[in-house]
Amino acid sequence: MRTKSLLSLLLIGSFAAGLVSCGSNKGKNVTISGAFALYPLGVKWTEQYKTKTPDLRFDVSAGGAGKGLTDVLAGAADIAMFSRQLTPAEKEKGIWVFAVAKDAVLPTFSLNNPAAGLIRKKGLTKDQLKEIYLSGKNNITWGALLDTAYNSPVVVYTRSDAAGAADTWADYFGGKQENIKGTGIYGDPGLAEAVGKDANGVGFNNVAYVYDVTTGKKRPGIDVIPIDQNDNRQIDPGEDFYENADSILQAISDGRYPSPPARDLYFITKGKPTDPAIIGFLKWVLTDGQQYVKQAGYVPLTDEVIKAQLDKLN
Amino acid sequence: MAALLGISAKLTNRISTAWLNFAVLFLILLPLVIGVGLIVKSLPLLKEAPIGTMLSSSDWSPQQGHFGFFAFIMGSVWVTLLSFVLSAPVCLLAAIYLTEYSPGWLTQTMYFVIDVLAGIPSVVYGVWGVLVVVPLLADYVAPALGLSTTGYCLLSGGIVLAIMAVPYMLNMLMEVLRSVPIELKEASLSLGATYWETIKWIVLRKGLTGIIAALSLGISKALGETIAVLMVVGNVAKVPASVFDAAYPLPALIANNYGDMMSVPLYDSALMFAALILFVIILLFNSITNFFLYRIKEV
């Protein structure tokens, strides 16, 4: 009996202490929820911003783009991270969308491919890529694509989980994720792994996954299919920017790499933000925060885009 | 404690009975509540499209408003059947050997192995499937049969599921066979039946209801398993034509799309409807097994 009352005293005591500590902390809590694609950058930004505003507390969680938007609409989160195009039904809900960074999806092939050298030299045109990824035909041969004797058919891999990357890659051809016909693999790493193993495999990955952001080199096993944008069946010096992370990020930033498959990543709020803490954070992200974008493997926004976003906040 | 607080034994008894009733009632109502919740959430889709076409069509393009679930239903059914065919005979034979023939230390070791297998998280089975089963099928099995496959196929899903179902089925089968009274076996043996005849005519017959229950537990487990299957099965929304084709079971559909698409009203509703289909399949399946068990008990 005595131990029991002691225990309950302890429990009540700690509960009261918790209440007091909650009450005394006047810091505001900002909740951010949403896309996995933007999560690493979201964490980086909040960590940096916290050092400037110690009384702000951030709670960043990743659960998918739709989860983030649903949370924001329900009031469970202040900001949603979003990585795909909004559907018409989503646009009607009175939300404010701010582009905060750029990213790109790159088509990939296996380093085991016997025609790897030729793929790097000739690349593939947009029409060829569309045929490969969207037609669902399983008899498109590397020989026919590259005008060579290697006659194995191309095998397409795509993301099985609803992913901004897949949506953006399909958007290059005017489609949606569901239009990409191929074996569905779970997650960015799984897809890269599956493509790497299959000599005839092609897939697509986010820049931050194709290149190791710390070394700038391509991940082992896969390589990027260069896009032959002027259809002259060779990769001209102007189309050749896949060497390392810096060169591709530069090409995305100045528009030499097409958009889509380059895409904007967004922060979304319910209505125009009114809370000064959130406005402050968004402004910081669009100004000083942009310096952390590149080291996290994303592409910083151009000055006009940033200005357009800041105008929305004023 | 009760005496200390001055509550009479009668009252304590009544309170505890009430609690027990409440607990049971809660558990009985739980499936009902889940079912109703799923129906309510699927209503927006059900208003939009006729249920018959959705169940029989395999055209899955939600952004264009086509919701066909047939490919997913077939994906679930095939992967479950395949895992059952692969695991049930092995489990039954192993259970007979381990309870009737094997030395005690082996049975004890097996119990340990079962516990370990049951304790491994399903995502680990999935990773193992990707690293071992998928390349095995793609590089050796399919070429040996003159076929080509990516390895992410129905058969990979079936194999991974079969292995995951083994600990549950085997454990229950062993318990069932051990519970057959020794006197029955002694009687059979004393009448001149051989050991194998005794197993066939006494042990298996006596344990039939338990065996069916154990196998149906394995099937239920396979129907609902999500992440491990999703990682190896290929996830193509098409009715598979062979075991080397990719398939797309219902749980995988929900897990792949829920977080990202829940802000699109019809898509969200479609995923809830997929959950409802799964719920109904499991309900039907359990009703059928229960009916058979009832018939067997009557005989």
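Just so it is clear, the model here is predicted, and its values are computed rather than measured. (Residues numbered from 1 in each chain as written. Chains lettered and ligands numbered in written order. Predicted model: local features only at pLDDT ≥ 70, side-chain atom pairs only at ≥ 80, totals over all residues.)

**Some words on the overall build of chain A**
Point 1. Looking only at helices and strands, chain A has 14 helices and nine strands in total.
Point 2. By principal-axis analysis of the C-alpha atoms, chain A measures approximately 85 × 55 × 40 Å.
Point 3. For chain A, contacts bridging at least 24 residues in sequence account for 73% of all contacts bridging at least 6. (Helix = DSSP H or I, 4+ residues; strand = E, 2+ residues; numbered from the N terminus. Contact = placed C-beta atoms within 7 Å.)

**Let's talk about the nonpolar core**
Point 1. One finds Ile248 of chain A together with Val160, Leu173, Val233 and Ala274 of chain B to be the most contacted residues of the largest nonpolar core, which totals 166 residues.
Point 2. When residues in this core are grouped by element, the largest group, 17 residues, is from helix H7 (residues 154-178) of chain B.
Point 3. Once you skip the residues sitting within four places of it in the chain, Val160 of chain B turns out to touch Tyr125, Gly126, Gly129, Val133, Ala228, Val229 and Val232 of chain B. (Core = buried A, V, L, I, M, F, W, Y, C linked by C-beta atoms within 7 Å. Buried ≥ 20, exposed ≤ 12 C-beta atoms within 10 Å, placed from the backbone.)

**Details of the interface of chain B and chain A**
Point 1. Contacts between the two partners involve 22 residues from chain B and, on the opposite side, 22 residues from chain A.
Point 2. The set of elements that each furnish at least two residues to the side of chain B that touches chain A consists of strand E1 (60-61), helix H11 (227-232) and helix H12 (250-261) of chain B.
Point 3. When its residues are assigned to classes, the side of chain B that touches chain A shows twelve nonpolar, nine polar and one charged. (Nonpolar A, V, L, I, M, F, W, Y, C, P; charged D, E, K, R; others polar.)

**Structural notes on the packing of helix H8 (residues 182-190) of chain B against helix H9 (residues 195-206) of chain B**
Residues and elements named next belong to chain B.
Point 1. Across the interface, H8 lies against H9 with an axial gap of 10 Å and an inter-helix angle of 155°. If you check the angle between H8 and H9, you find them roughly antiparallel. Of the two possible hands of crossing, H8 and H9 adopt the one that is right-handed. Between H8 and H9, the contacting residues are Leu184, Lys185, Ser188 and Leu189 on the first element and Thr198, Trp201, Ile202, Val203 and Lys206 on the second.
Point 2. Partitioning the contact of H8 with H9 into residue classes produces five nonpolar, two polar and two charged. (Axes fitted to C-alpha atoms, helices over the stretch in contact; angles between N-to-C directions. Parallel < 35°, antiparallel > 145°, perpendicular 65-115°, else oblique. Left-handed = near helix turned anticlockwise from the far one by under 90°.)

**What to know about the domain arrangement of chain B**
Residues and elements named next belong to chain B.
Point 1. Partitioning chain B into domains gives domain 1 (2-48) and domain 2 (56-298).
Point 2. Taking the mean C-alpha position of each, domain 1 and domain 2 sit 31 Å from one another.
Point 3. In this complex, domain 1 contributes nine residues to the contact, which on the side of domain 2 involves ten residues. (Domains from an automatic or database assignment.)

**Description of the environment of Leu253 of chain B**
Residue and element names in this part refer to chain B.
Point 1. Position of Leu253 relative to the elements: it lies in helix H12.
Point 2. Once the C-alpha coordinates of Leu253 and Ala237 are considered, the two residues, 16 residues apart in sequence, prove to be 9.1 Å apart.
Point 3. Setting aside anything within four residues of it in sequence, one finds Leu253 in contact with Phe72, Tyr248 and Ala274.

**Focus on the packing of helix H6 (residues 122-144) of chain B against H7 of chain B**
Residues and elements named next belong to chain B.
Point 1. Orientation of H6 relative to H7, taken along the N-to-C sense of each, is 135°, at an axis distance of 10 Å. When the interaxial angle is binned, H6 and H7 end up oblique. Remark: the crossing between H6 and H7 carries right-handed chirality. Contacts from Ser122, Tyr125, Gly126, Gly129, Val133, Val134 and Leu137 of H6 reach H7 at Leu155, Ser156, Ile159, Val160, Ile163 and Met164.

**Examining unusual backbone geometry**
Residue and element names in this part refer to chain A.
Point 1. Across the junction of Ser259 and Pro260, the peptide omega takes the value -20°, indicating a cis bond.
Point 2. Its place among the elements puts Pro260 in the loop between helix H11 (245-253) and strand E9 (262-270).
Point 3. Residues Pro260 and Pro261 are joined by a peptide bond in cis, for which omega reads 10°.
Point 4. By the element assignment, Pro261 lies in the loop between H11 and E9.
Point 5. The residue Asp147 is not glycine, and still its phi comes out positive at about 60°.
Point 6. Turning to its location among the elements, Asp147 is positioned in the loop between helix H7 (142-146) and strand E5 (155-159).
Point 7. The class for Asp147 is exposed, based on 10 C-beta atoms found within 10 Å.
Point 8. We note that Asp231 has phi near 55°; this positive angle belongs to a residue other than glycine.
Point 9. By the element assignment, Asp231 lies in the loop between strand E8 (222-224) and H11.

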